[in-house]
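# Descriptive analysis of the structure
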Amino acid sequence: GAVSADPATNVNFGAQVQLSLLTQFPDRSLLLTSLQAGNISTDAPITSFNALNNGFTRLAYEGNTGNTFTLTDLNYRFYIGDRLAVIVGPRGVNALNVFRGANRIESAGNGPISLFAQRNPIISMNSGQAGLGFDWQISKGLSLQGVYSAGNPASASGDGGLFGGPTQIGVQLAATIFERVDTALYYLNSYTNNGTLNNAVGDNFIGLIFPASNFNTNAFGGSLSWRATNKLNLGGWLGFTNSNIQNAGFSGNVNTFNWMTYANLIDLFKEGDLFGLYVGQPPSITASNLSGNINFPSLLSGTGGVTGAQPATTTHLELFYRYPISRNISITPGLVFVFAPGNTASSDTITIGALRTTFTF
């Protein structure tokens with residue numbers, strides 16, 4: 001309902017650095033320690049109405065730490081027998097790091113430009129830090145992954161600790177079919193206490209922020225990737241969430257849905273190059289029937305918080321081309337078009353042009 005002025009076009013320059021230290025132990029075990037520093041962010045301030053677009057514009061390689069190194073991974077990985085791998089630790093244990101992605105191009109530094117095009121957003125929903133995960137190779141071409149992750153494990157009081165605050169638990173069954181088709185089916189359950197899905201993509205706000213709404217969310221999804229030829233890879237995914245409000249005196253559910261289709265052309269003009277075309281719909285609220293007139297689509301449109309879905313859906317179109325300059329350096333120009341951002345038909349199209357340079361050592 002509200003109209004905000006376009007803050008104009010800006011040209012930005014930034015960097016992100018990730019340092020990974022791999023310490024090998026006997027008996028096929030590994031300690032991973034990762035540090036990250038950066039200053040890239042497409043976010044508008046949370047106090048601005050434009051912040052509602054934040055979930056639709058994020059780049060895959062964002063990470064604004066104020067150029068200060070932060071600890072992103074501290075976990076221990078080891079084998080039990082020949083088919084079961086286990087991961088445990090206080091940082092970096094979540095579905096993002098445990099589930100195997102069907103799209104083999106998935107990479108913030110070498111894959112798609114946007115965060116949405118990296119993977120099904122429900123996998124990153126409420127991804128925590130500390131926990132326990134496993135990867136079981138059931139048979140050739142068939143595996144099962146599982147993870148439990150706590151979002152605020154270091155807090156000794158209030159909504160925190162391993163079991164008292166935001167949490168994520170999930171399982172994924174991954175299979176390779178006919179040697180050229182990779183598939184994955186996954187289920188995740190999460191608890192959030194801030195009125196959101198704790199997801200950086202699409203419709204993240206699903207209830208009140210002040211005072212915060214608590215939600216228990218069940219998420220279901222599937223991914224498919226088909227290596228049609230040695231140079232052409234086609235795929236996509238679907239994702240659905242159902243969130244039930246947990247606050248005393250309230251009732252109701254919020255549903256979201258997202259999808260993506262993509263085509264990757266590999267070694268098109270030069271060995272190691274990659275052309276990607278991605279078209280999809282970021283998570284959109286398809287139904288909201290919370291009691292107390294706190295339904296987000298209606299609050300956003302100024303109609304009083306009554307039940308209902310978003311009035312429209314956002315379409316995401318992305319093109320990029322990764323060109324390897326050398327074994328250690330690649331450049332990736334890309335374009336991202338966000339039609340009807342914020343799942344609002346009257347919103348102007350957002351256009352993002354990016355030139356990513358990746359150094360790998």
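Use the structure listed above.
Here's what I pulled together on the structure shown here. The model shown is predicted, which means the values in this text are computed figures rather than measured ones.

## Some details on the overall build of the protein chain
- Within the protein chain one finds five helices and 15 strands.
- In terms of overall size, the protein chain behaves like a compact globule, its C-alpha atoms giving a radius of gyration of 21 Å where 361 residues would be expected to give roughly 21 Å.
- Judged by the C-alpha coordinates and their principal axes, the protein chain covers about 60 × 45 × 45 Å.
- Taking the average place of the 16 positive charges on the side chains of the protein chain and the average place of its 17 negative ones, the gap between the two points comes to 9 Å.

## Brief notes about the packing of aromatic side chains
- For the coordinates displayed, the defined rule picks out 11 aromatic pairs.
- Here Phe 205 and Phe 296 contribute two aromatic rings whose centre-to-centre distance is 5.8 Å and whose plane-to-plane angle is 25 degrees, an arrangement assigned as stacked. Residue Phe 205 is located in the loop between β8 (181–192) and β9 (215–227), and its partner Phe 296 is located in helix α5 (residues 296–301); the two are separated by 91 residues in the primary sequence.
- Seen from their ring centres, Phe 337 and Phe 339 are 6.2 Å apart, and the 20 degrees between their planes marks the pair as stacked.
- Exposure remark for Phe 337: the relative accessible area of 23% places this residue in the partly exposed category.
- Residue classification places Phe 339 among the partly exposed positions, given a relative accessible area of 35%.
- Among the aromatic residues, those joined into a cluster by ring pairs are Phe 25, Tyr 76 and Phe 78.
- The residue whose ring lies beneath Arg 28 is Tyr 79, and the NZ or CZ to ring-centre distance is 4.6 Å.

## Here we look at unusual backbone geometry
- Note that the residue after Phe 210, namely Pro 211, is joined by a cis bond; omega there is -10 degrees.
- For Pro 211, the position within the fold is in the loop between β8 and β9.
- Look at Asn 198: it is not a glycine, yet its phi comes out positive at around 55 degrees.
- Counting through the fold element by element, Asn 198 comes out in the loop between β8 and β9.
- With a phi close to 55 degrees, Asn 343 is a non-glycine residue in the positive phi region.
- Assignment of secondary structure puts Asn 343 in the loop between β14 (329–339) and β15 (350–359).
- By relative accessible area, which is 0% here, Asn 343 ends up buried.

## Quick word on the pattern of salt bridges
- The full count for this structure, using the stated rule, is six salt bridges.
- One salt bridge in this structure joins Arg 100 and Asp 135, with 3.0 Å as the shortest N-O distance. Of the two residues, Arg 100 is situated in the loop between α2 (95–98) and α3 (121–124) and Asp 135 in strand β5 (residues 130–139); the sequence distance between them amounts to 35 residues.
- The partly exposed category is assigned to Arg 100, whose relative accessible area is 37%.
- Of the residues examined, Asp 135 reaches a relative accessible area of 17% and is grouped as buried.
- With a closest N to O distance of 3.2 Å, Arg 119 and Glu 106 form a salt bridge. Placement of Arg 119 in the loop between α2 and α3 and of Glu 106 in the loop between α2 and α3 is noted, with a sequence separation of 13 residues between them.
- Assessed through its relative accessible area of 27%, Glu 106 is described here as partly exposed.

## Notes on the environment of Tyr 278
- Mapped onto the secondary structure, Tyr 278 falls in strand β12 (residues 274–288).
- The buried category is assigned to Tyr 278, whose relative accessible area is 0%.
- On a C-alpha basis, the gap between Tyr 278 and His 316 in space is 7.7 Å, while along the polypeptide they are 38 residues apart.

## Quick notes on the environment of Gly 302
- By the secondary structure assignment, Gly 302 is in the loop between α5 and β13 (315–324).
- Since its relative accessible area comes to 64%, Gly 302 is described here as exposed.
- Separated by 53 residues in sequence, Gly 302 and Leu 355 place their C-alpha atoms 38 Å apart.

## Side note on a nonpolar patch on the surface
- A cluster of nonpolar residues, Val 17, Leu 19, Leu 21 and Phe 69, forms a patch on the protein surface that exposes about 350 Å² of accessible area.
- Checked against the element boundaries, Leu 21 lands in strand β1 (residues 16–25).
- With relative accessibility at 41%, the residue Leu 21 sits in the partly exposed group.

Procedures and definitions
Residues numbered from 1 in each chain as written. Predicted model: local features only at pLDDT ≥ 70, side-chain atom pairs only at ≥ 80, totals over all residues. Heavy atoms only, no water. Helix = DSSP H or I, 4+ residues; strand = E, 2+ residues; numbered from the N terminus. Rg over C-alpha atoms; globule rule 2.2 N^0.38 Å. Lys, Arg positive; Asp, Glu negative; His and termini not counted. Charge placed at Lys NZ, Arg CZ, Asp CG, Glu CD. Phe/Tyr/Trp six-rings, centres within 6.5 Å; stacked < 30°, edge-to-face > 60°. Buried < 20%, exposed > 50% of the residue type's maximum accessible area, 1.4 Å probe, protein only. Lys NZ or Arg CZ within 6 Å of the ring centre and 35° of its normal. Salt bridge = Lys/Arg side-chain N within 4 Å of Asp/Glu carboxyl O. Patch = residues over 30% accessible without salt bridge, like charges linked within 9 Å, V, L, I, M, F, W, Y side chains within 5 Å. Areas by Shrake-Rupley, 256 points an atom, 1.4 Å probe, with all protein chains shown as cover.

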